[in-house]
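Single-letter residue listing:
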Amino acid sequence: MSTAGKVIKCKAAVAWEPCKPLTIEEIEVAPPKAHEVRVKIISSGICGSDNSALNGIIATKFPVILGHEAIGVVESIGQGVTIVKPGESEVMCCTEDNMCMWQSNNIIRFGFSALSGVMADGTTRFTCKGKPIYHYASTSTFTEYTVLSDICIAKVNCHAPVEVCLIGCGFATGYGGAVNTAKVTKGSTCAVFGLGGVGFSAIAGCKDAGASRIIGVGTHKDKYPKAMQLGATECINPKDYNKPVHEVICEMTNGGVDFAIECAGRIDTMMTALQSTYLSNGVAVILGVASPADTLNLSPGLLLTGRSLKGSIFGGYKGVNDIPKLVEQYMNKKINLDHLISKKLKLDQINEAFELIRNGSGIRSIMIY
C-alpha cells in the first residue's frame, strides 16, 4: 500500500535537550511539500559535528533529530520535484548547492548556519508526543524516514552499498579539503591535524595528490598504524613535546610544511596549523567546525609573509554533480571508505556511537536501519 501523501510513523533518535543521551521514539513524519522529498533512510554515519551540535558547540534548536550524512531511497516527492523519483537511491548532503549561481562556490544556505530548524515554509515535518521536532543541517538522518529539500539530494547508483553514506560528509570534507581546497601538489610536505574520519580522509587525499611527506598529528596513538596505512609517513603526539607542536613540525621540515589541514575543530589547533606552514607560501586549510562564539586572534605578520589561510565546507565539492562521481569511484575501487568505519550499529545503539566519538576510540560508526 502506498504511503505517498500520508503521515508515516517510524522510529527516530530524538535529542530532547543539549548534552543528554538521545532517546528512541516513535515519531510522525509528514508528507513532503513543494520541492521536498521524503526518504527512507538505509544507513547514516555519525559525525563529530553531530556531537558538537548535541553539546551546544554548534547552535541548534531542541528537540531535534540530528544526522547529516546518509543514503536512502525516495519514498515520495512533493510538487515541483524533478531530479528524483520514488524508488531511486540517493545520498544527502548538508550543503544546499544545486541551484548555486556561482560555479566556484558550493553553498547557498549551509545547513549549519540555517539555525531555524524548520523547512522553507517555517514548519517542521516531524512531531513526537504532540510536539514539533526540529530539523538539523537541512537533513536530519537519525530517523527511519526524513523530509528534506530537493536541493539537498544527489542521485546515485541504485546499487551503492551502505558505506557510501560517509561520502555525504566525512570523506568528502577531508579528501576534498586536500585535493580541492588546499590543492596539494606532487612532492609537497603536508601536516594533518586530527586523526578522525575527516583527518584520515585528508591524509588519503594528500597521498593521492602526490605529497612526498605527510605528518599526522593526534593524541590517540592507537590510530597511528591506520594513518600510516593510508599514507602518513609519520605521526606525532603534541603531548610528547615540551614545546609547541608547530615548532616541532617546523624543525622537522626545515621551516614548515607546504600544506596544513586542520580537522579537529579547535581554535588552538587552527592556529597551530597555520603556524606550521612555511612562511613564504604555506597554505593552511580549516575543515573543523568550531563554536560561532570562537574567534581566531592572529598576527597579520603570519599572513603578510606569504602564508594563506583557507576554509572549506564539504571539501569544495558540489553535491548534485560530485557525490555521484565519488560514489562511482568508490564502487570502482578508486577510493576507499573502509578506513572510516569503526562499527556498524543499529539505530537503538546510537548513544554507543556517540560515546566512541567522545572518547576518541572511534572514527565513524554507521547506523544500519
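Residues numbered from 1 in each chain as written. Predicted model: local features only at pLDDT ≥ 70, side-chain atom pairs only at ≥ 80, totals over all residues. Heavy atoms only, no water.

Caption draft 1: Representation of the packing of aromatic side chains. Under the criterion given, the structure shown has two aromatic pairs. Both rings, one in Phe-142 and one in Phe-354, keep their centres 6.1 Å apart while their planes meet at 90°; by these two values the pair is edge-to-face. Taken together, the residues span a long stretch of sequence, with Phe-142 in the loop between strand S9 (131-133) and strand S10 (145-149) and Phe-354 in helix H9 (residues 350-358) at a distance of 212 residues. Judged by its relative accessible area of 0%, Phe-142 is buried. Here Phe-354 falls in the buried class, since its relative accessible area comes to 0%. Between Phe-171 and Tyr-175 the ring centres are 4.9 Å apart and the planes differ by 20°, which places this aromatic pair in the stacked class. Taken together, the residues span about one helical turn, with Phe-171 and Tyr-175 both in helix H2 (residues 170-182) at a distance of four residues. The pair Phe-171 / Tyr-175 is uniform in exposure class, with both members buried. (Phe/Tyr/Trp six-rings, centres within 6.5 Å; stacked < 30°, edge-to-face > 60°. Helix = DSSP H or I, 4+ residues; strand = E, 2+ residues; numbered from the N terminus. Buried < 20%, exposed > 50% of the residue type's maximum accessible area, 1.4 Å probe, protein only.)

Caption draft 2: Looking closely at the confidence of the model for the chain. Here the chain averages 91 in pLDDT, while 93% of its residues score no lower than 70. Per-residue pLDDT stays below 50 along residues 98-113; that stretch engages in 39 contacts with residues further than four places along the chain or on separate chains. (pLDDT = per-residue confidence, 0-100. Contact = heavy atoms within 4.5 Å.)

Caption draft 3: Spatial organisation of the sheet that holds strand S15 (residues 259-262). Across the sheet, which stays open at both edges, the six strands sit in the order S14-S13-S12-S15-S16-S17 with parallel pairing between neighbours. Lying at the two open borders of the sheet, with one neighbouring strand each, are strand S14 (234-236) and strand S17 (308-311). Direction aside, the axes of adjacent strands within the sheet are offset by 20° on average. With four bridges joining them, S15 and strand S16 (residues 283-286) adopt parallel strand pairing. When the sheet's bridge partners are listed, Ile-261 is paired in S16 with Val-285. (Pairing = 2+ DSSP bridges. Axes fitted to C-alpha atoms, helices over the stretch in contact; angles between N-to-C directions.)

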